[in-house]
Amino acid sequence: MTIPPAFLTALDLFDAQPTAARLRAYGYELLRLTSGGRVADVGCGTGLAVAELTALGATAIGVDLNPAMIEVARHRHPRGEYQVGSALDLPFADGSLAGYRADKVLHDLADPQAALAEARRVLSAGACIVLTDLDWDTIAIASDDPARTRAVVQARTDALPAGFAARQAPELLRSLGFLEVSTTAETAVITSPDVGEVLLSRIAGDDADWLAEQRTRAARGDLLVFVPIVVTAASRQPAV
């Protein structure tokens, strides 16, 4: 299966948003990696984070469930390592990683807690995990019909496998024995029609009329979307 070029373009534009780029760099600091430390980027997408972590001196391994996306990452960033794999069944030995990150992944998983338990398995004692995700339910969108827009956003959140994963991540990590759990958030401001089209198409669901209104707003330069991005970090509890 090939990846639609428009989807890749939208990913690139979103990753280039100042807030997204700043939080990505902040996440790398939270990983506390030493030179050569092995870190998995789970749901690696186009391989951008793998390339950035490699440039920082880490041994970064990108993991993605989609083989076509892995091929995109290998083509774009050939210095990185990549493997096809699931967040629920990672291709790493117990305690073999010095770091783990997942960006815009948890909300698409039916069982985020199982994925985080798998992360705990592959992390070494004291290693860090960094989770970045959108808080879908608090996305705010300028609209001619605010009540309808709130309903559309809430319906999209409820339809996701784990629409509240960003705000649930801290308690899930604590329940699994992770330590030093911390959370921060910033809001990305989306005004680009290209990024807006992909994001709003996903939010709209079957509401074609609502999406048409947003496309009209974008065409006249009135697209405005506020997207909360949540970063949660923790360290793996040492083995008893």
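All values reported here derive from a predicted model rather than from experimental measurement.

Got a sec to walk through the layout of surface pockets? Specific residues and values, please.
Taken as a whole, the largest pocket encloses approximately 1000 Å³ of empty space. Lining the largest pocket are 42 residues, with Phe7, Leu11, Asp103, Lys104 and Asp108 positioned closest to its centre. Only helix H1 (5-16), strand E1 (38-42), helix H3 (48-55), strand E2 (59-64), strand E4 (97-103) and helix H8 (193-204) provide two or more residues apiece to the lining of the largest pocket. The leading source of residues in the lining of the largest pocket is H1, at 5 residues. Of the residues belonging to the lining of the largest pocket, the class tally is 24 nonpolar, 8 polar and 10 charged.

Lay out unusual backbone geometry with the relevant residues and their values.
A positive phi angle, close to 60°, is found at Lys104, a residue other than glycine. By secondary structure assignment, the location of Lys104 is in the loop between E4 and helix H5 (112-122). With a phi angle near 55°, Glu180 is a residue other than glycine that sits in the positive phi range. Position of Glu180 among the secondary structure elements: in strand E7 (residues 179-190).

Explain the UniProt feature "domain: Methyltransferase type" (unreviewed entry) in the protein chain to me, and be specific about the residues and the numbers.
UniProt feature "domain: Methyltransferase type" (unreviewed entry): in the numbering of this structure it lies at residues 41-130. The span residues 41-130 is 32% helix and 30% strand, and its two end C-alpha atoms sit 10 Å from each other.

Describe the environment of Phe178, listing the residues and the values that go with them.
Within the fold, Phe178 resides in the loop between helix H7 (165-175) and E7. The exposure class assigned to Phe178 is buried, which follows from its relative accessible area of 3%. In sequence terms Phe178 and Gly126 are 52 residues apart; their C-alpha atoms lie 9.1 Å from each other. Apart from residues no more than four positions distant in its own chain, Phe178 is found in contact with Leu116, Arg120, Leu123, Ile129, Leu173, Ala234, Ser235 and Arg236.

What counts as what
- Residues numbered from 1 in each chain as written.
- Predicted model: local features only at pLDDT ≥ 70, side-chain atom pairs only at ≥ 80, totals over all residues.
- Heavy atoms only, no water.
- 1 Å grid on protein atoms, 1.4 Å probe; cavity = no way out; pocket = protein on both sides within 12 Å on 5 of 7 lines; lining within 4 Å.
- Points joined across faces, edges and corners; volume = space filled by probe spheres on them.
- Helix = DSSP H or I, 4+ residues; strand = E, 2+ residues; numbered from the N terminus.
- Nonpolar A, V, L, I, M, F, W, Y, C, P; charged D, E, K, R; others polar.
- UniProt positions renumbered as here; feature names shortened; annotations may be inferred.
- Buried < 20%, exposed > 50% of the residue type's maximum accessible area, 1.4 Å probe, protein only.
- Contact = heavy atoms within 4.5 Å.

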